Amino acid sequence: MRICPKCDEEFPDTHSRCPVCDVELASSVAEDAPDLVVLCTVLDEAKAYIMRGFLESEGIPCQLENISFHAEPAPVADLMKVRLWTLREDAAQARELLEECENVRLCSACGEEVAARDEVCLHCGERLAES
Ligand SMILES: [Zn+2]
Ligand SMILES: [Zn+2]
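Rules of the game
- Here the residue numbers are simple positions, counted from 1 along each chain's written sequence.
- Whichever chain is written first becomes A and whichever ligand is written first becomes 1, with later ones labelled in order.
- Per-residue local features are limited, in this predicted model, to residues with pLDDT of at least 70; the limit for side-chain atom pairs, both in listing and counting, is 80 or more; totals at the level of whole chains, interfaces and linings are taken over all residues.
- Values reported for side chains reflect all heavy atoms of the structure, with hydrogen atoms and water molecules removed beforehand.
- Here, a salt bridge means any side-chain nitrogen of Lys or Arg that lies within 4 Å of a carboxyl oxygen of Asp or Glu.
- In this description a helix means any DSSP run of H or I spanning at least four residues, a strand means any run of E spanning at least two, and both kinds are numbered starting from the N terminus.
- Three labels apply to residues, based on accessible area from a 1.4 Å probe with only protein chains included: buried if under 20% of the type maximum, exposed if over 50%, partly exposed otherwise in between.
- The rule for donors is simple: an N, O or S atom within 2.8 Å of the metal counts, and for Na, K and Ca the reach is 3.2 Å. Water is not among the atoms, so a site may look short of donors.
- Labels for metal geometry use angle windows, namely 85 to 135 degrees for all angles of a four-donor tetrahedral site, and for square planar (four donors) or octahedral (six donors) sites opposite donors over 155 degrees apart plus all others within 65 to 115; sites meeting none of these are irregular.

(A) Examining the pattern of salt bridges more closely. Using the criterion set out here, one finds six salt bridges in the structure. Where Lys 47 meets Glu 113, a salt bridge forms, and the shortest distance between an N and an O atom there is 2.6 Å. Taken as a pair, Lys 47 in helix α1 (residues 45–57) and Glu 113 in the segment after α2 (88–101) lie far apart in primary sequence, 66 residues in all. Using a relative accessible area of 24% as the deciding quantity, one classes Glu 113 as partly exposed.

(B) Spotlight on the coordination of the zinc ion (ligand 2). Around the zinc ion (ligand 2), the protein contributes the donor atoms Cys 107 (SG), Cys 110 (SG), Cys 121 (SG) and Cys 124 (SG), at 2.3 Å from the metal centre. Coordination at the zinc ion (ligand 2) comes from four donor atoms whose angles at the metal span 106 to 115 degrees, giving a geometry best classed as tetrahedral. We note that the donor set of the zinc ion (ligand 2) lies within a single chain, spaced as C-x2-C-x10-C-x2-C. With a gap of 17 residues between them, Cys 107 in the segment after α2 and Cys 124 in the segment after α2 connect regions that are remote in the sequence.

Next comes the structure, spelled out in structure tokens:
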């Protein structure tokens, strides 16, 4: 992925100049940019804050991102989901800590929170390992 330094638009690696601004594209992976990954997605904002507080107390910085999710096709209430982001290097440890200490079960494939009784992830269909 490449990024235009002027308009911040992202382009595939096959592009070398921004067609809009006519400037050289930069690599979107800056040397010192943190490499963030989605640690998990939870439906409960309060819980997400608790999880973040817990991880930060363990020395793992993380960020929350609210995403609203439109249930299709029925115009029922929008669901609010919260994503937790951590540094890639911290993600495995953070996930372990959450599963151990916060009683959170996460899909190993997509990171969605799953119920303890689920055998298959409702979100991506991944077969869940016995915990
Ligand atoms: Zn541009
Ligand atoms: Zn999943």
